[in-house]
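Each chain, written out:
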Amino acid sequence: MAEMDVALKDAMQIGGAIGVALVDHTSGMALGTVGGGKDFDLITAAAANTDVIRAKLRTMEMLGLNEPIEDVLVTLDSQYHLIRPLTARSGHGLFLYLALHKDRANLAMARHQLRNIEQALEI
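Residues numbered from 1 in each chain as written. Predicted model: local features only at pLDDT ≥ 70, side-chain atom pairs only at ≥ 80, totals over all residues. Heavy atoms only, no water.

## Structural notes on helix α3 (residues 107-120)
Here comes step 1: The first and last C-alpha atoms of α3 sit 20 Å apart over 14 residues, in line with the 20 Å expected at 1.5 Å per residue.
Here comes step 2: Of the positions making up α3, those classed as buried are Leu107, Ala110, Leu114, Ile117 and Glu118. What you see down the axis of α3 is that its buried residues fit within an arc of 100°, all on one side. Set apart from the buried face of α3 by more than 90 degrees, the exposed residues are Ala108 and Gln119.
Here comes step 3: Buried-residue contacts for α3 involve α1 (4-11), β3 (72-75), β4 (79-85) and β5 (94-101). (Helix = DSSP H or I, 4+ residues; strand = E, 2+ residues; numbered from the N terminus. Expected span 1.5 Å × (residues − 1). Buried < 20%, exposed > 50% of the residue type's maximum accessible area, 1.4 Å probe, protein only. Arc of directions from axis to C-beta. Contact = heavy atoms within 4.5 Å.)

## Considerations on the nonpolar core
Here comes step 1: Ranked by size, the top nonpolar core spans 20 residues in total, and within it Ile14, Leu22, Leu82, Leu96, Leu98 and Leu100 carry the most contacts.
Here comes step 2: Sorting the residues of this core by element identifies α1, β1 (17-24), β4, β5 and α3 as the ones contributing at least two each.
Here comes step 3: Filtering out sequence-adjacent residues up to four positions away, Leu22 remains in contact with Met4, Leu8, Met29, Ala30, Leu31, Gly32, Leu86, Leu94, Phe95, Leu96, Leu121 and Ile123.
Here comes step 4: Residues Ala21, Val23, Val72 and Phe95 belong to the second largest nonpolar core, which totals 15 residues. (Core = buried A, V, L, I, M, F, W, Y, C linked by side-chain atoms within 4.5 Å.)

Put into structure tokens, the structure is as follows:
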């Protein structure tokens, strides 16, 4: 089982990674971040993406869909943004947020690696 800091550092090893955060979607607070920079405010992005996950959860509830969200993908011209809710009981209400350079990332591999990191994460 990986601790949060190790998991975040592992996520930054994913090809094309710009930044990663572990976020509480009830408060919007980032519990931990790695990466980002002056051109990419990871704290703001992580907090703003709580609205994305909340909207998706509300939509699924309205539709009566009782399946867990594996991940949410936002594709921009130059970036991918992956939002992966934690499925472990101890991670309820948390999600991993990973931003990637589109031209340097392999999306399928990034999703696979983020899934492995999420499964190993111990909160």
